[in-house]
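# Breakdown of the fold
What follows is the residue order along each chain.
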Amino acid sequence: MSSLPDVLSVVCRAFAFVLLLQASGVALFGTALGRELTASVAVIRGFGCLSAAAAMLFALGHYVLEPARMAGDMSGILDPALQNLALQSGIGESFVIRILGLATLAVGLRMQWAGVSIGGALISIVAFTVVGHTVVSPHRTLLALLLFVHLLIVAFWIGSLGSLYLASVREPAQVSAAVTARFSAVATWLVPCILLAGIGMTALLVPGMQVFRQPYGELLLVKTSLFAVLMGLAALNKWRLAPRLSSGAPRTVEAFRRTVVAEYVLVCSVLTVTAVMTMFYSPEAA
């Protein structure tokens, strides 16, 4: 059974994971697709800043709890030796990079400096490449590249979902529909790359089919199943709901928003499964 530090740590890790990618995605969305937005711009930027601030808090919680996980109880938080050990580990390095990236991202969004916010987003995502299973692999460089691309697209996706929802609430129907159509056109090419990068990482990390009879492999299959459902919802949005959005019909707009929320929940579920899988299990454990 997992200890209390394990449970609290994985909760912080999952929230930090989702919120960091969400904040990064808001910056990417604003630069790539948000130029025509007017009424929703301030709210979307505020959403991104709030996401970045919350991500920093949860990242701090995850980092502070690492010594407690080492000790097996909460008393480890107050152990200077364990805190120093955590700081010098990959987790400490990743934490510092995340905080730097998120702070830069928040400043960029707040001051409306697109280049700064994008730079912060990229720094934040790079933090994931210095810790975890990919670091100890002999294919580290290729895995780091695949992981970066994988997370960059996921960030764009999840950040766009929140932004599109807010745009559908505050913008005229024609503006919201036009932005959604452009997102769908871009996502059609980008989203499959999430799957391709994931397949590439799996091929490099998983030593054999026996892994899929172990917790790591089972959770990987759960992720794949959730992603398949997610792709179905994304297709529904692209081919049925998004083209009708410009009509402004209340039923169409509400259906679009419900589908966006469902997509968002599924993306968060996939990221939560990822947080649990990478924190407690290893592909080499089979």
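Residues numbered from 1 in each chain as written. Predicted model: local features only at pLDDT ≥ 70, side-chain atom pairs only at ≥ 80, totals over all residues. Heavy atoms only, no water.

It is worth spelling out the overall build of the protein chain at this point. Across its full length, the protein chain carries 9 helices and 0 strands. For a compact globule of 286 residues, the expected C-alpha radius of gyration is about 19 Å, and the protein chain comes in at 19 Å, within 12% of that figure. If one aligns the C-alpha atoms of the protein chain with their principal axes, the spans along those axes are about 60 × 45 × 35 Å. The buried share of the protein chain, reckoned over its 286 residues, is 47%. Considering only residue pairs separated by 6 or more positions, the protein chain has 76% of its internal contacts joining residues 24 or more positions apart. Looking at the protein chain as shown, the accessible area adds up to about 13,300 Å², and 69% of this sits on carbon and sulfur atoms. Here the protein chain holds 17 positive side-chain charges and 11 negative ones, and the gap between their average locations is 14 Å. (Helix = DSSP H or I, 4+ residues; strand = E, 2+ residues; numbered from the N terminus. Rg over C-alpha atoms; globule rule 2.2 N^0.38 Å. Buried < 20%, exposed > 50% of the residue type's maximum accessible area, 1.4 Å probe, protein only. Contact = heavy atoms within 4.5 Å. Areas by Shrake-Rupley, 256 points an atom, 1.4 Å probe, with all protein chains shown as cover. Lys, Arg positive; Asp, Glu negative; His and termini not counted. Charge placed at Lys NZ, Arg CZ, Asp CG, Glu CD.)

On inspection of all chains with the given rule, the structure shows 4 salt bridges. Glutamate 36 serves as the salt-bridge partner of arginine 182, at 3.3 Å between the closest nitrogen and oxygen. With a gap of 146 residues between them, arginine 182 in helix 7 (residues 173-205) and glutamate 36 in the loop between helix 1 (4-32) and helix 2 (41-71) connect regions that are remote in the sequence. For arginine 182, a relative accessible area of 29% corresponds to the partly exposed category. Its salt-bridge partner being glutamate 66, residue arginine 69 comes within 3.5 Å of it at the nearest N-O pair. Here arginine 69 pairs with glutamate 66, and both are found in helix 2, just 3 residues apart, close to one helical turn. A relative accessible area of 9% places glutamate 66 in the buried class. (Salt bridge = Lys/Arg side-chain N within 4 Å of Asp/Glu carboxyl O.)

The angle between the axes and the distance between the axes are what describe a pair of packed helices. Where helix 7 meets helix 8 (residues 215-241), the axes come as close as 12 Å, and the angle between the chain directions of the two elements is 170°. By the angle between their directions, the pair helix 7 and helix 8 is classed as roughly antiparallel. Residues Ser184, Ala185, Thr188, Val191, Ile194, Leu195, Thr202 and Leu205 of helix 7 form the contact with helix 8, whose participating residues are Tyr216, Leu220, Phe227, Met231 and Lys238. Grouping the constituent residues of the contact of helix 7 with helix 8 by class yields 9 nonpolar, 3 polar and 1 charged. (Axes fitted to C-alpha atoms, helices over the stretch in contact; angles between N-to-C directions. Parallel < 35°, antiparallel > 145°, perpendicular 65-115°, else oblique. Nonpolar A, V, L, I, M, F, W, Y, C, P; charged D, E, K, R; others polar.)

This part covers helix 5 (residues 114-126). Its 13 residues place the ends of helix 5 18 Å apart at the C-alpha level, agreeing with the 18 Å of an ideal helix rising 1.5 Å per residue. Of all the positions in helix 5, only Ser117, Ile118, Gly120, Ala121, Ser124 and Ile125 are classed as buried. An end-on view of helix 5 places all buried positions within 160° of arc, on one side of the element. For helix 5, the elements touching its buried residues are helix 1, helix 4 (90-111) and helix 6 (140-170). (Expected span 1.5 Å × (residues − 1). Arc of directions from axis to C-beta.)

Here the focus is the confidence of the model for the protein chain. Per-residue confidence for the protein chain averages 90 on the pLDDT scale, and 98% of its residues sit at or above 70. Confidence, expressed as mean pLDDT per element, reaches its minimum in the protein chain at helix 3 (residues 80-88) with 82 and its maximum at helix 5 with 97. (pLDDT = per-residue confidence, 0-100.)

Turning our attention to the packing of aromatic side chains. Going through the model one piece at a time under the given rule, you end up with 6 aromatic pairs. A centroid spacing of 4.8 Å and a plane angle of 15° characterise the contact between phenylalanine 15 and phenylalanine 58, whose relative ring orientation is stacked. In this pair, phenylalanine 15 is assigned in helix 1 and phenylalanine 58 in helix 2, connecting sequence segments 43 residues apart. You can call phenylalanine 58 partly exposed: its relative accessible area is 28%. (Phe/Tyr/Trp six-rings, centres within 6.5 Å; stacked < 30°, edge-to-face > 60°.)

As a further point, take the environment of valine 131. Residue position: valine 131 is located in the loop between helix 5 and helix 6. Each C-alpha atom of the pair valine 131 and arginine 110 lies 29 Å from the other, and the pair is 21 residues apart in sequence.

Looking now at helix 3. One turn of the α-helix equals 3.6 residues, which is why residues spaced by three or four share an orientation. Listed as buried for helix 3 are Leu82, Gln83 and Ala86. Take helix 3 and look down its axis: the buried residues cluster within an arc of 100°, on one side only. The exposed residues of helix 3 that point more than 90 degrees off its buried face are Pro80, Ala81 and Gln88. Turning to helix 3, the residues buried within the fold contact helix 2 and helix 4. Where helix 3 begins, one side-chain oxygen reaches toward the backbone nitrogen of alanine 81, 2.9 Å away; that side chain belongs to aspartate 79. (Polar contact = N/O pair within 3.5 Å; in protein donor to acceptor, adjacent residues only side chain to side chain.)

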